[in-house]
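Okay, here's what each chain looks like letter by letter:
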Amino acid sequence: MTPERSGSDAILDKMMALHPKIIDLTLDRVWRLLSALDDPQDRIPPVIHIAGTNGKGSTQAMIRAGLEAAGKSVHAYTSPHLAMFHERIRLAGSLISETALTEVLNDCYAANDGEAITYFEITTVAGLLAFSRTPADYTLLEVGLGGRLDATNVVTPAISVITPVDLDHQQFLGDTLAEIAGEKAGIIKHGVPVVVGKQHDDGLNVIETQAARLGAPVLAYGQHWHVTTEHGRLVFQDELGLLDLPLPALLGDHQIENAGMALAVLRYLGCDETACAAAMTHADWPARMQRLTTGKLVELAGDAELWLDGGHNPAAGRALSKLLTDLPPRPTHLICGMLNTKEIGGFMAPLANIAESLTAVSIPGEAATLSAEETANAAEAVGLRSETATTVAEAITTISNETPNARILICGSLYLAGDVIRANTT
């Protein structure tokens, strides 16, 4: 007999059963529960609200590193988690404790009184409740999906951020960049400044129109701030002047643009150059082109390099392709698992000329996973030689035996990345 689960795991299991759908975009249920809890969203520290398709987590990590270097205490909310739920809620710099997490989950479950509410909605409310109970200087709030109807969109922030908008979650947000940008722009509030990352023209037009309608000052890439690299350094310039900083610790050209957004926020909040430099060097964000150097899976890889990335849409595929091209040459082999809600071909196509093969796996424990065979067929369709494996460990062993000096990138889903992190450490 399986032992009864306890603590936060047990209450999270019960929360999964409160709504038949994983995603059902509306704010009605969130407002109802917040009201039952005496509106904790009105008692949290000043909010930096971050929406966008790509770069939300990395940008948040850099903002947090900069604020903490400036001596500020920072709450942070992000999703999904990788290895454990606690990663979603950071209280004044530390992951929420099991005791505190269980308490806020139980309080939310009791206040909800059996009403329908999605897992993301009720756990987001739990995060807001936790933030209201712990003092801090700032709250970093990452949107889960879209923006306008996302469960986090119940606050009036100190500043908003919209990272680059691209195609993703079309079944919920719309088929065009303009439609998706409109959903992301739903976080813009009356009179609240919004930092806007590099955008396609049609997306930028939608964002700027919404900001103008609400009288929200815009701080846009290429207009109000600029970021580039020169001689192995990051150069950022805005109306306050020029910063010459170390390159971001997070790898990839796309992280330069993410760094620009983080720096625009930090400068708006009055942080000095030392804090801005720390935002570059101290940020840590797992499963974003992360080199795995220790653990059980690393041991299986032998002399092969092992990398992990959770990107899963066309923009992520392009970013990974560029990053892999810039690394020192090695035979590159992919291990990939994806959800059936993603644009598989759009993610894989940019990688077709970089990788020598793709080994497809199913994502353990995920009902929405593509089968390994479906993923392999999608890879073949864009010109990637493909195989299947039962597990990531099996795939690593096969690749490293056949190509001992390989560069192995595990990619396609944050859910797969979480499973890999657990498998590598347990």
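Each remark here, short or long, concerns the structure printed above.
Residues numbered from 1 in each chain as written. Predicted model: local features only at pLDDT ≥ 70, side-chain atom pairs only at ≥ 80, totals over all residues. Heavy atoms only, no water.

Chemist: Please clarify how the overall build of the protein chain should be interpreted in this entry.
Modeler: A tally of helices and strands in the protein chain yields 16 helices and 17 strands. Whereas a compact globule of 426 residues would reach a radius of gyration of roughly 22 Å, the protein chain reaches 21 Å, a difference of no more than 12%. In the protein chain, which comprises 426 residues, the share counted as buried stands at 56%. Residue pairs at least 24 apart in sequence account for 74% of intrachain contacts in the protein chain once pairs closer than 6 positions are excluded. About 17,300 Å² of surface is accessible on the protein chain, with carbon and sulfur atoms providing 50% of the total. Side chains of the protein chain carry 29 positive and 51 negative charges; the gap between the two charge centres is 2 Å. (Helix = DSSP H or I, 4+ residues; strand = E, 2+ residues; numbered from the N terminus. Rg over C-alpha atoms; globule rule 2.2 N^0.38 Å. Buried < 20%, exposed > 50% of the residue type's maximum accessible area, 1.4 Å probe, protein only. Contact = heavy atoms within 4.5 Å. Areas by Shrake-Rupley, 256 points an atom, 1.4 Å probe, with all protein chains shown as cover. Lys, Arg positive; Asp, Glu negative; His and termini not counted. Charge placed at Lys NZ, Arg CZ, Asp CG, Glu CD.)

Chemist: Even after reading the chapter, I still don't get helix 3 (residues 56-69), so can you show me in this structure?
Modeler: Residues separated by three or four positions in an α-helix point in the same direction, a consequence of the helix having 3.6 residues per turn. Compared with an ideal rise of 1.5 Å per residue, which puts 14 residues at 20 Å, helix 3 spans 20 Å between its outermost C-alpha atoms and is within 8% of the ideal. Taken as a whole, helix 3 has its buried residues at Lys-56, Gly-57, Ser-58, Thr-59, Gln-60, Ala-61, Met-62, Ile-63, Arg-64, Ala-65, Gly-66 and Leu-67. In the core, the buried residues of helix 3 are packed alongside strand 1 (47-51), strand 2 (74-77), strand 3 (89-91), strand 5 (138-142), helix 9 (254-268) and helix 10 (273-281). Positive phi appears at Gly-71, one or two residues downstream of helix 3, with a value of about 85°. (Expected span 1.5 Å × (residues − 1).)

Chemist: Can you help me understand the sheet that holds strand 7 (residues 194-196) in this one?
Modeler: Strand-to-strand pairing in sheets goes through backbone hydrogen bonds, with the strands running parallel or antiparallel. Within the open sheet, the eight strands sit side by side as 4-3-2-5-1-6-7-8. Their pairing is mixed. Looking at the sheet topology across the chains shown, the edges are occupied by strand 4 (94-95) and strand 8 (218-220). For strand 2 and strand 5, the ladder comprises four bridges, and the chain directions are parallel. Its bridge partner lying in strand 5, Tyr-77 is registered against Leu-141. (Pairing = 2+ DSSP bridges.)

Chemist: It is not clear to me how the side chain of Glu-142 should be interpreted in this structure. Could you clarify?
Modeler: With respect to the element layout, Glu-142 can be found in strand 5. Here Glu-142 sits buried without a salt bridge, and the closest side chain of opposite charge, Lys-56, lies 4.4 Å off (N-O distance). A distance of 2.3 Å separates a polar atom in the side chain of Glu-142 from a polar atom in the side chain of Thr-78. When sequence neighbours within four positions are dropped, the list of residues in contact with Glu-142 reads Ile-50, Lys-56, Gly-57, Gln-60, Tyr-77, Thr-78, Ser-79, Thr-152 and Trp-285. (Salt bridge = Lys/Arg side-chain N within 4 Å of Asp/Glu carboxyl O. Polar contact = N/O pair within 3.5 Å; in protein donor to acceptor, adjacent residues only side chain to side chain.)

Chemist: Looking at this structure, how should I read the packing of aromatic side chains?
Modeler: To describe a pair of aromatic rings, you give the distance between the ring centres and the angle between the ring planes. Inspection of every chain in the model, using the stated rule, returns four aromatic pairs. Ring geometry for Phe-85 versus Tyr-119: centroids 6.3 Å apart, planes at 80°, classification edge-to-face. With a gap of 34 residues between them, Phe-85 in the loop between strand 2 and strand 3 and Tyr-119 in helix 5 (residues 119-133) connect regions that are remote in the sequence. Judged by its relative accessible area of 19%, Tyr-119 is buried. Ring geometry for Tyr-221 and Trp-225: centres 5.4 Å apart, planes at 75°, overall edge-to-face. Residue Tyr-221 is classed as partly exposed on the basis of its relative accessible area, which comes to 26%. Members of the aromatic cluster, each reached through a chain of ring pairs, are Tyr-221, Trp-225 and Phe-236. Residue placement shows Lys-14 over the ring face of Tyr-109; its charged tip is 4.6 Å from the ring centre. (Phe/Tyr/Trp six-rings, centres within 6.5 Å; stacked < 30°, edge-to-face > 60°. Lys NZ or Arg CZ within 6 Å of the ring centre and 35° of its normal.)

Chemist: Before we go on, may I ask you to explain unusual backbone geometry in this structure?
Modeler: Note on backbone geometry: most residues besides glycine have negative phi, and most peptide bonds are trans. Along the chain, Ser-79 connects to Pro-80 via a cis peptide bond; the corresponding omega equals -10°. Turning to its location among the elements, Pro-80 is positioned in the loop between strand 2 and strand 3. One non-glycine residue, Asp-39, lies in positive phi territory at about 55°. With respect to the helices and strands, the residue Asp-39 is situated in the loop between helix 2 (28-36) and strand 1.

Chemist: Looking at this structure, I do not really get the environment of Glu-273. What am I missing?
Modeler: Mapping Glu-273 onto the fold places it in helix 10. Not counting the four nearest positions on each side in its chain, Glu-273 is found in contact with Leu-243, Asp-244 and Leu-245.

Chemist: I'm lost on the pattern of salt bridges in this one. Help?
Modeler: In a structure, side chains of opposite charge can pair up when their charged atoms sit close to one another. Throughout the structure, instances matching the rule amount to 15 salt bridges. The residue Arg-133 makes a salt bridge to Asp-107 at a minimum N-O spacing of 2.9 Å. Within this pair, whereas Arg-133 is found in helix 5, its partner Asp-107 is found in helix 4 (residues 98-112), the two being separated by 26 residues in sequence. Its relative accessible area of 42% is what places Arg-133 among the partly exposed residues. The residue Asp-326 makes a salt bridge to Lys-322 at a minimum N-O spacing of 2.6 Å. Within this pair, Asp-326 and its partner Lys-322 are both found in helix 12 (residues 314-326), separated by four residues, close to a single helical turn. Classification of Asp-326 by relative accessible area gives partly exposed; the value is 45%. Overall, the relative accessible area of 37% leaves Lys-322 in the partly exposed class. A single salt-bridge network, built from bridges that share partners, covers Glu-103, Asp-107 and Arg-133.

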